[in-house]
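Residue-level structure breakdown
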Amino acid sequence: VLNQFIFNITPKLFFGDKKWYLYTNLNYRNFPDYYYGISANSTNLKQAYTAKIFSLNIQPQYALTKNIYLGCLLNVRFENALVDSTFNINKSKIEPYGFAGWQAYKQTSFGAVASYDSRDNQFYPTKGIFAKTMVSASISDFFSDYSAQEVTLDFRQYIPVYKSHILAWQALFSGVFSKSEIPFQLLPTLGGRDLMRGFRQGMYRENGMFLLQTEYRLPIYKRLKGAIFCSAGDVFNENAYLSGKLKIAYGAGLRYRLNDARVHLRFDLAKNNYGDKLQFYITATEAF
């Protein structure tokens with residue numbers, strides 16, 4: 001329990017008469033986690049480790065029109081995976097997936113970003129569309145220990161249904177590719193509080209990931225709201241595009257509006273079609 005922490009802030013700033021938009025994410029953590037291998041299927045591997053991470057993501061963007069932004073990105077990451085004696089016991093199980101990521105490494109990516117945003121609010125949209133494309137690359141020995149290319153396509157729509165009832169949906173693709181090994185921490189993974197709630201984050205990871213998730217949001221009483229959600233997706237690589245059993249997650253939750261900016265405290269319960277235990281999440285941001 002001692003010395004375990006996660007520090008994460010995401011400032012989003014408009015300046016220059018709203019001609020410029022700056023997205024920034026700073027993440028610093030020293031937190032225990034598990035490694036389950038690199039696969040779209042369940043494995044018998046469960047290696048405990050402590051992730052020590054410092055990452056900084058900066059995306060300055062210029063408004064070409066009211067809704068269209070174009071810019072560049074810089075992503076810097078330093079990471080070290082601390083293990084105990086069980087690592088040597090599980091070494092033969094880890095070997096088929098490679099050992100990239102188990103030694104301390106640094107990674108610096110440069111790229112471009114383009115986005116379209118017609119949402120009426122960033123925290124809790126009631127209408128509009130958000131679409132974002134990012135491409136980036138890192139080069140070995142150029143502020144990085146590994147070479148890799150990354151592509152992300154993100155599309156979200158918010159449809160007013162009746163009064164304060166909203167239908168929201170998201171389609172997401174993420175891929176990280178290289179001719180050599182890539183640290184497992186950099187590979188896309190589904191699950192967690194935002195991407196396919198109901199699956200444990202890190203349980204399934206591969207070079208590519210796709211998902212589709214929907215959420216129906218409705219008022220309950222004054223500041224209190226509810227949500228019902230469902231999602232489907234999977235991880236894949238160039239040799240196996242489907243695991244054989246599409247991953248599906250579903251659940252429901254409550255929202256409580258904290259301020260007039262529409263920041264909500266979120267509590268979700270979720271389950272999946274793989275028979276895993278019920279998962280719950282508490283956070284102050286929407287999943288998408």
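Right, let's walk through the structure included here. What you see is a predicted model; the values in this text were computed from it and never measured. (Residues numbered from 1 in each chain as written. Predicted model: local features only at pLDDT ≥ 70, side-chain atom pairs only at ≥ 80, totals over all residues. Heavy atoms only, no water.)

Comments concerning the overall build of the protein chain
- Along its length, the protein chain carries two helices and 14 strands.
- At 20 Å, the protein chain has a C-alpha radius of gyration in line with the 19 Å of a compact globule built from 288 residues.
- Summarising its shape, the C-alpha atoms of the protein chain cover approximately 60 × 45 × 40 Å along the three principal directions.
- Across the protein chain, every contact between residues at least 6 apart in sequence was considered, and the portion connecting residues at least 24 apart equals 56%.
- In the structure as shown, the protein chain presents an accessible area of about 15400 Å², 61% of it carried by carbon and sulfur atoms. (Helix = DSSP H or I, 4+ residues; strand = E, 2+ residues; numbered from the N terminus. Rg over C-alpha atoms; globule rule 2.2 N^0.38 Å. Contact = heavy atoms within 4.5 Å. Areas by Shrake-Rupley, 256 points an atom, 1.4 Å probe, with all protein chains shown as cover.)

What about the packing of aromatic side chains?
- Across all of its chains, the model carries 23 aromatic pairs by this definition.
- Relative to Phe-54, the ring of Tyr-28 lies with its centre 6.4 Å away and its plane at 65°, an arrangement referred to as edge-to-face. Linking Tyr-28 in strand S3 (residues 20–35) with Phe-54 in strand S4 (residues 47–63), this pair joins segments that are 26 residues apart in sequence.
- Overall, the relative accessible area of 34% leaves Phe-54 in the partly exposed class. (Phe/Tyr/Trp six-rings, centres within 6.5 Å; stacked < 30°, edge-to-face > 60°. Buried < 20%, exposed > 50% of the residue type's maximum accessible area, 1.4 Å probe, protein only.)

Brief notes about the side chain of Glu-286
- Note that Glu-286 resides in the segment after strand S14 (279–283).
- Glu-286 sits in the buried class, given a relative accessible area of 9%.
- Within polar-contact distance, the side chain of Glu-286 engages the side chain of Arg-255 at 3.0 Å.
- Not counting residues up to four positions away in its chain, the partners in contact with Glu-286 are Phe-123, Tyr-124, Asp-194, Glu-215, Arg-217, Arg-255, His-264 and Arg-266. (Polar contact = N/O pair within 3.5 Å; in protein donor to acceptor, adjacent residues only side chain to side chain.)

Points about the environment of Glu-181
- Residue position: Glu-181 is located in the loop between strand S9 (165–177) and strand S10 (208–221).
- A relative accessible area of 42% places Glu-181 in the partly exposed class.
- In this structure, the C-alpha to C-alpha distance between Glu-181 and Ile-159, residues 22 residues apart in sequence, is 42 Å.
- Not counting chain neighbours up to four residues away, the residues in contact with Glu-181 comprise Tyr-97, Gly-98, Phe-99, Ala-100 and Tyr-146.

Things to note about the layout of surface pockets
- Considering only enclosed or pocket space, the second largest pocket measures out at about 370 Å³ in volume.
- What lines the second largest pocket is a set of 14 residues, among which Ser-178, Ser-180, Ile-182, Glu-206 and Asn-207 lie closest to the centre. (1 Å grid on protein atoms, 1.4 Å probe; cavity = no way out; pocket = protein on both sides within 12 Å on 5 of 7 lines; lining within 4 Å. Points joined across faces, edges and corners; volume = space filled by probe spheres on them.)

Some points on the environment of Gln-59
- With respect to the helices and strands, the residue Gln-59 is situated in strand S4.
- Given the relative accessible area of 3%, Gln-59 is considered buried.
- The residues contacting Gln-59, other than those within four sequence positions of it, are Tyr-21, Leu-22, Tyr-23, Cys-72, Leu-73, Val-113, Lys-132 and Met-134.
- At 2.9 Å, the side chain of Gln-59 and the side chain of Asn-57 are in polar contact.

Remarks on the nonpolar core
- The biggest cluster of nonpolar side chains holds 15 residues, and the ones touching the most others in it are Tyr-35, Ile-38, Tyr-49, Ile-94, Trp-102 and Phe-184.
- If you tally residues by element for this core, the top one is S4, at three residues.
- Apart from residues no more than four positions distant in its own chain, Trp-102 is found in contact with Tyr-35, Gln-47, Tyr-49, Ala-81, Val-83, Phe-87, Ile-94 and Phe-184.
- Judged by nonpolar contacts, the second largest core, of ten residues, contains Ala-40, Leu-190, Met-196 and Val-235. (Core = buried A, V, L, I, M, F, W, Y, C linked by side-chain atoms within 4.5 Å.)

Topic: the pattern of salt bridges
- This model, assessed by the stated rule, comprises 17 salt bridges.
- In this structure, Asp-234 and Lys-247 form a salt bridge, with 2.7 Å as the shortest nitrogen-oxygen distance. Pair noted here: Asp-234 is in strand S11 (residues 224–236) and Lys-247 is in strand S12 (residues 247–257), with a separation of 13 residues, a long-range link. The pair Asp-234 / Lys-247 is uniform in exposure class, with both members buried.
- As a salt-bridge pair, Asp-260 and Arg-257 come within 3.4 Å of each other at their nearest N and O atoms. (Salt bridge = Lys/Arg side-chain N within 4 Å of Asp/Glu carboxyl O.)

Some thoughts on the pairing of strand S2 (residues 12–15)
- Sheet analysis places S2 next to S3, joined by four bridges and oriented antiparallel. In the sheet register, Lys-12 faces S3, and the bridge partner there is Tyr-23.
- In sequence, S2 turns back onto S3 through a hairpin of four residues, with Gly-16 there showing a positive phi of about 65°. (Pairing = 2+ DSSP bridges.)

So, the side chain of Ser-109
- Tracing the backbone shows Ser-109 in strand S6 (residues 105–117).
- For Ser-109, a relative accessible area of 10% translates into the label buried.

Some remarks on the pairing of S6
- Pairing of strand S5 (residues 68–82) with S6 involves twelve bridges; the strand directions are antiparallel. Paired with Asn-75 across the two strands is Ser-109, which belongs to S6.
- Examined bridge by bridge, S6 and strand S7 (residues 128–138) share eight bridges and lie antiparallel to one another. Looking across to S7, one finds that Ala-114 is bridged to Thr-133.

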